[in-house]
Amino acid sequence: MTQAARNIRSTEAGFETGVETGAGVEVEARTGVEARTEVEATTGVAPANANASATGTASATATPPPTATPITRPRRTVGPAVRPGATLAVTSAATAVALMNYTAPMLTLPGMTASFHTALSAQAWLLNGAPLGLAALLLIAGSLADDHGRRRAFLAGTLALGITMGLGALAPTTLTFTLARVAQGMASAAILASSLGLLVAAFPAGSARIRATGVWGAFVSGGIALGPLLAGSLATLNWRLIYGVLAVPALITAGFALRTLTESRAPRGGRPDVSAAFTLSLAFTALIGALTLGRDGWLRPGVLVLLAAAAVLTAVFVLVERRATSPMIDLALFRRAEFLASSAGALFTGLAVIGFFSYLPALLSRSLGTSPMNAAWLFVLWSGSAFVVALQARRLASRVAARHQLAIGFVLHAAGVLAMLGALTSGPLPRLIPGLLLAGIGSGLLNAALPRLAVESVPAERAAMGSGANNTARYIGSSAGVALTIAVAPAGPNTVLVLSAALAALAAALTVMLRSRARPGLSG
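Reference entry: report on the structure contained in this document. (Residues numbered from 1 in each chain as written. Predicted model: local features only at pLDDT ≥ 70, side-chain atom pairs only at ≥ 80, totals over all residues. Heavy atoms only, no water.)

What follows is about the overall build of the protein chain. Along its length, the protein chain carries 18 helices and five strands. When burial is assessed residue by residue, the protein chain has 52% of its 524 residues classed as buried. Here the analysis covers contacts within the protein chain between residues at least 6 apart in sequence; of these, 81% occur between residues at least 24 apart. Here the protein chain has roughly 22000 Å² of accessible surface; of this, 66% comes from carbon and sulfur atoms. (Helix = DSSP H or I, 4+ residues; strand = E, 2+ residues; numbered from the N terminus. Buried < 20%, exposed > 50% of the residue type's maximum accessible area, 1.4 Å probe, protein only. Contact = heavy atoms within 4.5 Å. Areas by Shrake-Rupley, 256 points an atom, 1.4 Å probe, with all protein chains shown as cover.)

Shown next, in the form of structure tokens:
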């Protein structure tokens, strides 16, 4: 073999790895093989000694260059380019569908219990199936989305939500429907946790991201508003229709997500924290189970055992996380005031707001004999005003800190609820309107501030985990809030209103105090 031929072989070997892919970008290098092919195509004969320069000119007697420089083609992105507007639209739409599904049982419960012949003791599971799946998987889904792909988690969630809602529509028994609801909650967890991570990757920090998280929070309110309205209208025909109808937009959204979303992740290396994930899921399952069963008596042995198991499993989770090389959640975050405010704000939103409004249709029906559709329209006054306010709340970002916005939201909720005192016992219905609108304004501020604080309180690369932690606290709070509301309901509607207002006032004070009581250097 001549020296020239050996040089060409060396060049070819060096360029065989010319296609290089990294972070979604592909670079292709033209090799000496391509150069020779071009020469052969031009002259009809291969060079006598196979010498070809990288510029495509060759000579049988030419001395090969000492080094060969590949000609590279322009870089191109593998998969869709980042499209912030499309990302916001797709994630907001999926979030709205997930929340519509979450609130639908508020008005389909009578039809379901009649269809399944559900015992009174088991009816709570029809309502708490989705919260159980949400609480068990939200934090885990957020951590996995950050490490292994937010787009991947979002696609899995939207597809699973569509399929499990279809299964719920076909469920023949209380048990199968409850299992379908648990699966729907788990699918919704993947959507909610990954959505904010996708938005953080698509929008730069600052006003654009604040606007995007505000819009996303508004669609939380929009989903809560439309769920009962759609459920109430379809329940007059057949309660199963709502779940079949919602399955369609979930699957359509998955199709749009496949075409428009760009993958983003922040891998930390190491193996997934499987032991911590399993322990935390069991802890939340035990807690939600205790809250559900506790409605029939908090001192029953089964309830006490579940509460004890939840406490023990939480302690085990903490020990596992302290020893993990790649923990699912950095426990040091709980020493940061902003993260504590985010978690406490979400927890009390569930306790004071979602817990009360989840039970409001039942209160209206029992106290005033309100029809399901009238109850749904009253519900829309609250959640619809929350939707409008959350869309406009971005204008406050430069003037009001997220924590203070939370506090204002809780105060307005408390004022709105107290304004309804007496109206739930004697009516008339129009007396509820001012209180519902005021509480709706408060909820809008909460729904805009919570996602903003969720991503601001954690490192940017852990945005999905921050969202998961925030929403976990929210849905654990909602399960506890419904349980507390049902527990005090026999004392009368006014007692329920006072409880919700007191919890909201406590939350307002707590979110304001956290900053000043945080340790220096940890407030973030």
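What follows continues from the structure just given.
Right, let's talk about the nonpolar core for a bit. Core analysis: the largest hydrophobic core is formed by 91 residues, its most contacted members being Ile329, Phe356, Phe357, Trp382, Leu432 and Leu436. Tallying contributions element by element places helix H12 (residues 337-368) first for this core, with 15 residues. Setting aside its immediate chain neighbours within four residues, isoleucine 329 contacts Leu139, Phe317, Glu321, Phe334, Phe339, Met465 and Ala469. (Core = buried A, V, L, I, M, F, W, Y, C linked by side-chain atoms within 4.5 Å.)

In this section: the side chain of threonine 213. Tracing the backbone through its elements, the reader meets threonine 213 in helix H8 (residues 207-235). The class of threonine 213 is buried, set by a relative accessible area of 2%. Dropping the residues within four chain positions of it, threonine 213 is found in contact with Leu196, Pro451, Arg452 and Val455.

As a further point, take the side chain of threonine 87. Residue position: threonine 87 is located in helix H3 (residues 84-103). Not counting residues within four places of it along the chain, the set of residues in contact with threonine 87 comprises Leu198, Leu199, Ala202 and Leu261.

Relative orientation of the contacting elements helix H5 (residues 123-148) and helix H7 (residues 174-202) amounts to 35 degrees, with a least axis distance of 6 Å. In terms of crossing hand, the pair formed by H5 and H7 is right-handed. Of the residues in the contact of H5 with H7, the class split is 16 nonpolar, eight polar and one charged. (Axes fitted to C-alpha atoms, helices over the stretch in contact; angles between N-to-C directions. Left-handed = near helix turned anticlockwise from the far one by under 90°. Nonpolar A, V, L, I, M, F, W, Y, C, P; charged D, E, K, R; others polar.)

A positive phi angle is found at histidine 117, which is not glycine, with a value near 55 degrees. Here histidine 117 is to be found in the loop between helix H4 (105-116) and H5. Looking at histidine 117, the relative accessible area reads 71%, which means it is exposed.

What follows is about the packing of H7 against H8. Closest axis-to-axis distance for the H7/H8 pair is 10 Å, and the angle between their directions is 155 degrees. Comparing their axes, H8 and H7 come out roughly antiparallel. The interaxial crossing formed by H7 with H8 has right-handed handedness. Across the interface between the two elements, Leu192, Ser195, Leu196, Leu199 and Val200 of H7 pack against Arg209, Ala212, Thr213 and Trp216 of H8. Among the residues forming the contact of H7 with H8, the class breakdown is six nonpolar, two polar and one charged. (Parallel < 35°, antiparallel > 145°, perpendicular 65-115°, else oblique.)

Moving on, we get to the environment of threonine 253. Structurally, threonine 253 can be placed in helix H9 (residues 241-260). Assessed through its relative accessible area of 8%, threonine 253 is described here as buried.

Okay, the pattern of salt bridges next. As enumerated under the stated definition, the model contains four salt bridges in all. Between glutamate 263 and arginine 265 there is a salt bridge whose closest N-O contact spans 3.8 Å. (Salt bridge = Lys/Arg side-chain N within 4 Å of Asp/Glu carboxyl O.)

Right, let's get into a nonpolar patch on the surface. A surface patch of nonpolar side chains, amounting to about 370 Å² of accessible area, comprises Leu159, Ile163, Leu167 and Leu251. Top element by residues in the nonpolar patch is helix H6 (residues 150-170). It accounts for three residues. Within the element layout of this structure, leucine 251 appears in helix H9. (Patch = residues over 30% accessible without salt bridge, like charges linked within 9 Å, V, L, I, M, F, W, Y side chains within 5 Å.)

With that settled, the discussion passes to the environment of valine 411. With respect to the helices and strands, the residue valine 411 is situated in helix H14 (residues 402-418). Between the alpha carbons of valine 411 and alanine 439 there is a distance of 9.0 Å; along the sequence they are 28 residues apart.

Turning our attention to the packing of aromatic side chains. Tallied over the full model, the rule gives twelve aromatic pairs. Taken together, a centroid distance of 5.3 Å and an interplanar angle of 75 degrees make the contact between phenylalanine 116 and tryptophan 239 edge-to-face. Taken together, the residues span a long stretch of sequence, with phenylalanine 116 in helix H4 and tryptophan 239 in the loop between H8 and H9 at a distance of 123 residues. What makes tryptophan 239 buried here is its relative accessible area of 7%. Both rings, one in phenylalanine 357 and one in tryptophan 382, keep their centres 3.8 Å apart while their planes meet at 5 degrees; by these two values the pair is stacked. On the criterion of sequence distance, the pair formed by phenylalanine 357 in helix H12 and tryptophan 382 in helix H13 (residues 372-392) is long-range, its members being 25 residues apart. What makes phenylalanine 357 buried here is its relative accessible area of 1%. Each member of the aromatic cluster is reached from another via a ring pair, and the members are Phe116, Phe177, Trp239 and Tyr243. (Phe/Tyr/Trp six-rings, centres within 6.5 Å; stacked < 30°, edge-to-face > 60°.)

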